[in-house]
Amino acid sequence: QVQLLESGGGLVQPGGSLRLSCEIVGSISSYNAMGWYRQAPGKQRELVAMSFSTGPTNYGDGVQGRLIISRDNVLNTVYLQMNSLKPEDTAVYYCNARELNRGGADLWGQGTQVTVSS
């Protein structure tokens, strides 16, 4: 079965940077969206960034300009470059991959903790 393997989370000081990676192990449709959601304590899960195989990207509230999504279709991996991190970025970050063809799968990773604190 397809698995999503996240890496790159950890503890970082305010203003610092991290890069998250998510490798999709297995085969998914070439027509897809891959990206990231996050969930902070006491808050609902929210969109961070999404990358579509056709080229466009979209970002959630408050992250554009600091958090940048990219993908490598050869490595079948999606990245989230996180810069100028703030304490409010602290959350569990979940990789998501969706097949956009009719009846396609919606897949999730296990999550990786990002903590921004001095």
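Because the structure is predicted, anything quoted here is derived from the model rather than measured.

Draft legend 1. Geometry of the overall build of the protein chain. Broken down by element type, the protein chain carries 0 helices and 11 strands. Reading the protein chain from its N terminus to its C terminus gives the helix and strand order β-β-β-β-β-β-β-β-β-β-β. By the compact-globule yardstick of 13 Å for 118 residues, the protein chain fits well, its C-alpha radius of gyration being 14 Å. The dimensions of the protein chain, computed from C-alpha atoms along their principal axes, are 45 × 25 × 25 Å. Out of the 118 residues in the protein chain, the part that is buried amounts to 40%. When contacts within the protein chain are restricted to residue pairs at least 6 apart in sequence, long-range pairs at least 24 apart make up 52% of them. When the accessible area of the protein chain is evaluated, it comes to approximately 6400 Å², of which 46% is carbon and sulfur surface.

Draft legend 2. Geometry of the sheet that holds strand β1 (residues 3-7). Strand order in this open sheet of 4 strands is β1-β3-β8-β7, and the pairing throughout is antiparallel. At either end of the open sheet lies a strand with only one pairing partner, and these are β1 and β7 (67-72). Looking at each pair of strands side by side, their axes are set apart by 15° on average, direction ignored. When β1 meets strand β3 (residues 18-25), the two strands line up antiparallel, connected through 5 bridges.

Draft legend 3. Molecular detail of the side chain of serine 21. Take serine 21: it is sitting in strand β3. Judged by its relative accessible area of 14%, serine 21 is buried. With residues up to four places along the chain from it excluded, the contact list for serine 21 reads Leu5, Glu6, Ser7, Trp36, Thr77, Val78 and Tyr79.

Draft legend 4. Main features of the state of the cysteines. Going through the model one piece at a time under the given rule, you end up with 1 disulfide. Here cysteine 22 pairs with cysteine 95 through a disulfide, and the sulfurs are 2.0 Å apart. Torsion about the S-S bond of the cysteine 22 and cysteine 95 cystine: about -90°, corresponding to left-handed handedness. Pair noted here: cysteine 22 is in strand β3 and cysteine 95 is in strand β9 (residues 91-99), with a separation of 73 residues, a long-range link.

Basis of the calculations
- Residues numbered from 1 in each chain as written.
- Predicted model: local features only at pLDDT ≥ 70, side-chain atom pairs only at ≥ 80, totals over all residues.
- Heavy atoms only, no water.
- Helix = DSSP H or I, 4+ residues; strand = E, 2+ residues; numbered from the N terminus.
- Rg over C-alpha atoms; globule rule 2.2 N^0.38 Å.
- Buried < 20%, exposed > 50% of the residue type's maximum accessible area, 1.4 Å probe, protein only.
- Contact = heavy atoms within 4.5 Å.
- Areas by Shrake-Rupley, 256 points an atom, 1.4 Å probe, with all protein chains shown as cover.
- Pairing = 2+ DSSP bridges.
- Axes fitted to C-alpha atoms, helices over the stretch in contact; angles between N-to-C directions.
- Disulfide = S-S within 2.5 Å.

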